[in-house]
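Overview (structure and organization)
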Amino acid sequence: MTSVTTAPTVSDDADHSADLAALRQVIADVETGLNTNDAELMTRHFAADAVAVGVNGRATAGLDALREVHTQAVRGFLKDQYARYEIDDVTFVRPDVALVRKLARAVDAEGTPIDLDHTMSALYVLVREQGRWWIVARQNTLIPR
């Protein structure tokens, strides 16, 4: 058995300008999907075997199940909900693996903030496959007031 005495650094510090633009677009598409009640756009960037955990702690696995959950949400409790997303942090664990922390703020239909503070934080795990970025995991967490 090998003993590890020093914790490794697991970040890739290469120039990721193009990757950052692509990751911003992924998050922007999810935001637009929410704000326009478009479940297909909300799920477009999820991998076939992705897992997403909602703010209620419930995990949903697989693209078809995620699409169904998002469809029910935008027809139900999210129908008249709007948000603005802000990418707070991006860490490239490897050249093809990124952790993206997103903050969400509730806004009205015109985009005016309802809350002064962020109301949710989400951590996305994305991988680059087939020449593009895919969400393989997402964890949403409400931010207490």
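This report concerns the structure included in the present document.

The rules behind the values
- Residues numbered from 1 in each chain as written.
- Predicted model: local features only at pLDDT ≥ 70, side-chain atom pairs only at ≥ 80, totals over all residues.
- Heavy atoms only, no water.
- Helix = DSSP H or I, 4+ residues; strand = E, 2+ residues; numbered from the N terminus.
- Buried < 20%, exposed > 50% of the residue type's maximum accessible area, 1.4 Å probe, protein only.
- Contact = heavy atoms within 4.5 Å.
- Salt bridge = Lys/Arg side-chain N within 4 Å of Asp/Glu carboxyl O.

**Points about the environment of Asp117**
Inspection of the secondary structure assignment puts Asp117 in the loop between β4 (97–107) and β5 (120–129). The exposure class assigned to Asp117 is exposed, which follows from its relative accessible area of 52%. For the pair formed by Asp117 and Arg105, sequence separation is 12 residues and the distance between their alpha carbons is 6.8 Å.

**Quick notes on the environment of Arg58**
With respect to the element layout, Arg58 can be found in the loop between β1 (46–53) and β2 (59–61). Once the C-alpha coordinates of Arg58 and Gln139 are considered, the two residues, 81 residues apart in sequence, prove to be 9.8 Å apart. With near-sequence residues (within four places) excluded, Arg58 lies in contact with Ala52 and Val53.

**Some thoughts on the pattern of salt bridges**
A pair can form between side chains of opposite charge whenever their charged atoms are brought close. A complete count under the given rule lists 5 salt bridges for this structure. Glu40 is the salt-bridge partner of Arg67, the closest N and O atoms lying 3.0 Å from each other. Separated by 27 residues along the polypeptide, Arg67 in helix α3 (residues 63–75) and Glu40 in helix α2 (residues 39–43) bring together distant segments of the chain. Residue classification places Arg67 among the partly exposed positions, given a relative accessible area of 25%. Among the residues examined, Glu40 registers a relative accessible area of 39% and is labelled partly exposed. Between Arg67 and Asp64 there is a salt bridge; the shortest N-O distance is 3.3 Å.

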